[in-house]
Amino acid sequence: MPSVTYVLPDGSEQTIEVKSGLSVMDGSVANNLPGIEAECGGSCSCATCHVYVEGEWAAHYGKASEEEWELLEFLDTVQENSRLSCQLVVTDAEDGLKVTVPEEQG
Amino acid sequence: MSAADEAPVVIVGAGHGGGTLVGTLRQLGYEGPVVLIGSEPDAPYHRPPLSKKFHADELEDPLRPLEFYEEQGITLRLSEDVVAIDPEARTVRLGDDTELAYSTLVLATGAEPRRLPVPGGDLDGVVVLRTLADARVLKDAVHPDKRLVIVGAGYVGLEVAAVARSVGQQVTVLEREDRVLARVASPELSEILTGHHVAQGTEVLTSADVTGFAGDDDGHVRAVVLGDGREIPCDLALVGVGAIPRDELASAAGLTCDGGIVVDAATRTSDPHVLAIGDVTRRPVGNVEELVRMESIPSAMEQAKQAAHVIVGKDVPAADVPWFWSDQFDLKLKMAGLLRPGHAAVVRGDPTTGRFTVFHLDGDVIAAVESANAPKEFMAGKKYIRTRQRVDVTRLADEAVGLKDVVA
Ligand SMILES: Cc1cc2nc3c(=O)[nH]c(=O)nc-3n(C[C@H](O)[C@H](O)[C@H](O)COP(=O)(O)OP(=O)(O)OC[C@H]3O[C@@H](n4cnc5c(N)ncnc54)[C@H](O)[C@@H]3O)c2cc1C
Ligand code: FES
């Protein structure tokens, strides 16, 4: 299973195995990591699953869709490497992925 | 410490609120026992797909994987009812007559669909939609050859109408008020959405007074009967006329209720050992004076978080702007803030393009936003509501002006 490292709002890191085909959001919710709320359950509606994609991985995932970027754009915490984690699917090609969860969602 | 202090946190209702609360408690470091009790056979799941994707595989979407509860040390008791609370003894009684002590009790019992007290309301084929079991009935009944009548044009009814219509079903929506979504949307949005549903071939009848359901010889519904004598033939009638808070346990235990359990901004009820969250509550919202029943996932999750903070003795996070969403055909709708009489409506974007927003202004401050396929407008609107940002109304109405440039 691909492993994903989450840098949590308190600065600590957790590396977990995420079943291939699930999203970065799913992995966080299944393991009860703090930070990602995912009010809409992954339907790209709520912007409460915001993460920063670290390093090379940002380019690996490429740009957000227009809808996704519109949801992110007005967040106080938005950065260039911001993504909605429900839109980031994890497969073996993403083994080693690292994301940071901002302190505030929504 | 008394025995009650060592007793578990007991949560009644394993829905979106209860399911969120158990996770948040562990995230905040609560290590004591937690018992989550729910009437339904399913562990907490997402309800939005019940009306949006009941025809699809995505219908069943658990909040957490089943292993989660064991991993987190949560005792999950499904298919069990709490039938009474004894606030003096700090115990709840279950359907099998056993008792369970609590240190803190959290009521997360949600709401149940209102039924129509008219003749024929209990016929076969007259259904409601709240649970997965209800949605499975609907799924089996969705067929191009079957006629569906929806009584009540609320968000749930219109979502079901959209799905049924998109698979070719003949759909009629009956609404008692003179417009759809009369209770929850602005007249502007109601009108645009009605046009959208009608253009897709749905029949929408407003000011329609349903007085009964007519059945065939087998006791199955064959028509919905209106006050003027008209009969609308159907194979299935979905009644979506709102939900009633399940506050009966609380009120029997003497907690203050007023069409919902009355709570403060930290989910406290009138009993110091009992909190309440979600659809069952009447809660403070924003700067409006009266308490409000919210019936949305963001509200239930926000209260779940508040309750968890109260239980572990941490500062309760401030409430955010209330919001919710709805999907109808190709429209992704998002609403934020509270609609109040006296606001001026400003439309940004051309509704016929399917991307538009209705802003509701209190003077030059945005009080509420209703958007369709316009996430940027929604997010900017929500932010400006939160910060009470003054805006230039003329620029707000002009789609050519960027949303950062509408501030006054
Ligand atoms: C079809 C549908 C679509 C929706 N779509 C959206 C949407 O798109 N966006 C949105 O924001 N909101 C939506 N909602 C609303 C949202 O689902 C609710 O606001 C949310 O589920 C409220 O959570 P809750 O925990 O308060 O109640 P619920 O999720 O209803 O959970 C309450 C649970 O308590 C159980 N219970 C009640 N009494 C007892 C008892 N005495 N003993 C044991 N268990 C008990 C019930 O069986 C139920 O399982 C939708 C609702 C429905 C029905
Ligand atoms: S979970 Fe709602 S946008 Fe990702």
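What counts as what
Residues numbered from 1 in each chain as written. Chains lettered and ligands numbered in written order. Predicted model: local features only at pLDDT ≥ 70, side-chain atom pairs only at ≥ 80, totals over all residues. Heavy atoms only, no water. Helix = DSSP H or I, 4+ residues; strand = E, 2+ residues; numbered from the N terminus. Rg over C-alpha atoms; globule rule 2.2 N^0.38 Å. Buried < 20%, exposed > 50% of the residue type's maximum accessible area, 1.4 Å probe, protein only. Contact = heavy atoms within 4.5 Å. Areas by Shrake-Rupley, 256 points an atom, 1.4 Å probe, with all protein chains shown as cover. Lys, Arg positive; Asp, Glu negative; His and termini not counted. Charge placed at Lys NZ, Arg CZ, Asp CG, Glu CD. Near = heavy atom within 4 Å. Polar contact = N/O pair within 3.5 Å; in protein donor to acceptor, adjacent residues only side chain to side chain. Nonpolar A, V, L, I, M, F, W, Y, C, P; charged D, E, K, R; others polar. Domains from an automatic or database assignment. Buried area = accessible area lost by both parts, 1.4 Å probe. Salt bridge = Lys/Arg side-chain N within 4 Å of Asp/Glu carboxyl O. Expected span 1.5 Å × (residues − 1). Pairing = 2+ DSSP bridges. Right-handed = clockwise from strand over helix to strand, strands pointing away. Core = buried A, V, L, I, M, F, W, Y, C linked by side-chain atoms within 4.5 Å. Axes fitted to C-alpha atoms, helices over the stretch in contact; angles between N-to-C directions. Parallel < 35°, antiparallel > 145°, perpendicular 65-115°, else oblique. Left-handed = near helix turned anticlockwise from the far one by under 90°.

Student: Explain the overall build of chain A residue by residue, including any values.
Tutor: Scanning chain A from N- to C-terminus turns up 3 helices and 5 strands. Going from N to C terminus, chain A has its helices and strands arranged as β-β-α-β-α-α-β-β. The C-alpha atoms of chain A give 12 Å as radius of gyration, which agrees with the globular expectation for 106 residues (13 Å, within 12%). Here chain A, with 106 residues, has 52% of them falling under the buried criterion. For chain A, restricting intrachain contacts to residue pairs at least 6 apart in sequence, the fraction spanning at least 24 positions comes to 67%. Surface summary for chain A: the accessible area is close to 4,500 Å², and the carbon and sulfur share equals 44%. The average position of the 4 basic charges and that of the 20 acidic charges among the side chains of chain A differ by 6 Å.

Student: Describe the site of ligand 1, naming the residues involved and giving the relevant values.
Tutor: All names here are of chain B. As a matter of local geometry, ligand 1 sits amid 35 residues, with Gly17, Glu40, Lys52, Arg130 and Asp279 nearest to it. Residue His16 places a main-chain N or O atom 3.2 Å away from an oxygen atom belonging to ligand 1. Between ligand 1 and Asp279, the relevant distance is 2.7 Å, taken from an oxygen atom to a side-chain nitrogen or oxygen of the residue. Surface burial for ligand 1 is 94%, taken as the share of its 1,000 Å² of free accessible area covered by protein chains. Elements with a minimum of two residues in the shell around ligand 1: helix H2 (16–27), helix H3 (48–52), helix H9 (297–312) and strand S21 (323–328). It is H3 that contributes the most residues to the shell around ligand 1, 4 residues altogether. Taken together, the residues of the shell around ligand 1 break down into 15 nonpolar, 11 polar and 9 charged. Each of domain 1 (3–112 + 244–312) and domain 2 (126–241) accounts for three or more of the residues forming the shell around ligand 1.

Student: So what's going on with the domain arrangement of chain B? Which residues, and what values?
Tutor: Residues and elements named next belong to chain B. Domain assignment breaks chain B into domain 1 (3–112 + 244–312), domain 2 (126–241) and domain 3 (330–405). One C-alpha centre belongs to domain 1, the other to domain 2, and the line joining them spans 31 Å. Listed by partner, the interface residues are 16 residues for domain 1 and 15 residues for domain 2. Of the roughly 1,500 Å² buried between domain 1 and domain 2 on both sides combined, carbon and sulfur atoms contribute 61%. Of all residues in domain 1, the largest losses of buried area upon contact with domain 2 belong to Leu50, Ser51 and Phe54, amounting jointly to 39% of the total for that side. Counting the contacts that link domain 1 with domain 2 gives 3 salt bridges. The partner of Arg136 in a salt bridge is Glu60, and the shortest N-O contact between them spans 3.2 Å. In this structure, the connection of domain 1 to domain 2 is made through 7 residue pairs in polar contact (both at pLDDT 80 or more). The element best represented in the side of domain 1 that touches domain 2 is H3, accounting for 3 residues. Split by residue class, the side of domain 1 that touches domain 2 holds 6 nonpolar, 3 polar and 7 charged.

Student: Explain H2(B) to me, using residue names and the numbers behind them.
Tutor: Residue and element names in this part refer to chain B. Over its 12 residues, H2 extends 17 Å from the first C-alpha to the last, a length consistent with the 16 Å expected when each residue adds 1.5 Å. With respect to burial, H2 is a largely interior element, 11 of its 12 residues being buried. Listed in full, the buried residues belonging to H2 are His16, Gly17, Gly18, Gly19, Thr20, Leu21, Val22, Gly23, Thr24, Leu25 and Arg26. On its buried face, H2 sits against strand S1 (9–12), strand S2 (34–37), helix H4 (67–71), strand S3 (74–77), strand S7 (105–107) and H9. Of the residues flanking the end of H2, it is Gly29, one or two places downstream, whose phi is positive at about 90°.

Student: Tell me about the pairing of S1(B), and please be specific about residues and values.
Tutor: Residues and elements named next belong to chain B. The alternating pattern of S1 places Val9 and Ile11 on one face and Val10 and Val12 on the opposite face, and all of these are buried. As judged from the 4 bridges shared by S1 and S2, these two strands associate in the parallel manner. Residue Val9 lies in a different strand from S2, and its bridge partner there is Val34. Remark: the S1/H2/S2 crossover connection has right-handed handedness. Where S1 meets S7, 3 bridges bridge the pair, whose relative direction is parallel. Counted as the bridge partner of Ile11 is Val106 from S7.

Student: Break down the interface of chain B and chain A for me, citing the residues and quoting the values.
Tutor: At the junction of the two partners, chain B supplies 30 residues and chain A supplies 23 residues. Carbon and sulfur atoms make up 52% of the surface buried where chain B meets chain A, a total of about 2,300 Å² over both sides. Applying the counting rule to chain B against chain A returns 4 salt bridges. Here Arg355(B) and Glu70(A) are joined by a salt bridge, their closest N and O atoms 2.7 Å apart.

Student: Account for the nonpolar core, naming residues and giving values.
Tutor: Ranked by size, the top nonpolar core spans 52 residues in total, and within it Tyr6(A), Val24(A), Ile36(A), Leu97(A), Ile366(B) and Leu396(B) carry the most contacts. Counting residues per element, this core draws most heavily on helix H10 (residues 375–387) of chain B, which supplies 5 residues. Of all hydrophobic cores here, the second largest spans 37 residues; its members include Tyr45(B), Ala141(B), Tyr155(B) and Leu189(B).

Student: Go over the side chain of Ser85(A) with me, naming the residues and quoting the values.
Tutor: Position of Ser85(A) among the secondary structure elements: in the loop between strand S4 (82–84) and strand S5 (97–100). Contact partners of Ser85(A), with chain neighbours within four places excluded, come to Ser23(A), Val24(A), Met25(A), Ile36(A), Cys49(A) and Val51(A).

Student: Provide a residue-level description of the sheet that holds strand S15 (residues 231–233) of chain B, including the pertinent values.
Tutor: Residue and element names in this part refer to chain B. With antiparallel pairing, 3 strands are arranged side by side in an open sheet as S13-S14-S15. Whereas interior strands pair on both sides, the edge strands pair on one side only; in this sheet they are strand S13 (210–215) and S15. For this sheet, the mean angle separating the axes of adjacent strands, direction not counted, is 25°. Of the pairings in the sheet, the one linking strand S14 (residues 221–226) to S15 comprises 3 bridges and is antiparallel in character. Counted as the bridge partner of Ala223 is Pro233 from S15.

Student: Quick one: what's the story with the packing of H2(B) against H9(B), residue by residue and with numbers?
Tutor: Residues and elements named next belong to chain B. Between H2 and H9, the least distance of the axes is 8 Å, while the angle of their chain directions is 40°. Taken as axis vectors, H2 and H9 run oblique relative to one another. The two elements H2 and H9 meet at a crossing, and its hand is right-handed. Judged by residue contacts, His16, Gly17, Thr20, Leu21, Thr24 and Leu25 of H2 engage Ile297, Ala300, Met301, Ala304, Lys305, Ala307, Ala308, Ile311 and Val312 from H9. Partitioned by chemical class, the residues of the contact of H2 with H9 number 10 nonpolar, 4 polar and 1 charged.

Student: Tell me what's going on with helix H7 (residues 187–199) of chain B, and back it up with residues and numbers.
Tutor: All names here are of chain B. Over its 13 residues, H7 extends 18 Å from the first C-alpha to the last, a length consistent with the 18 Å expected when each residue adds 1.5 Å. Every buried residue of H7 is listed here: Leu189, Ser190, Ile192, Leu193 and His197. Residues of H7 that are buried sit in contact with helix H6 (155–166), strand S12 (203–205), S21, strand S22 (331–337), strand S24 (356–362) and strand S25 (365–372).

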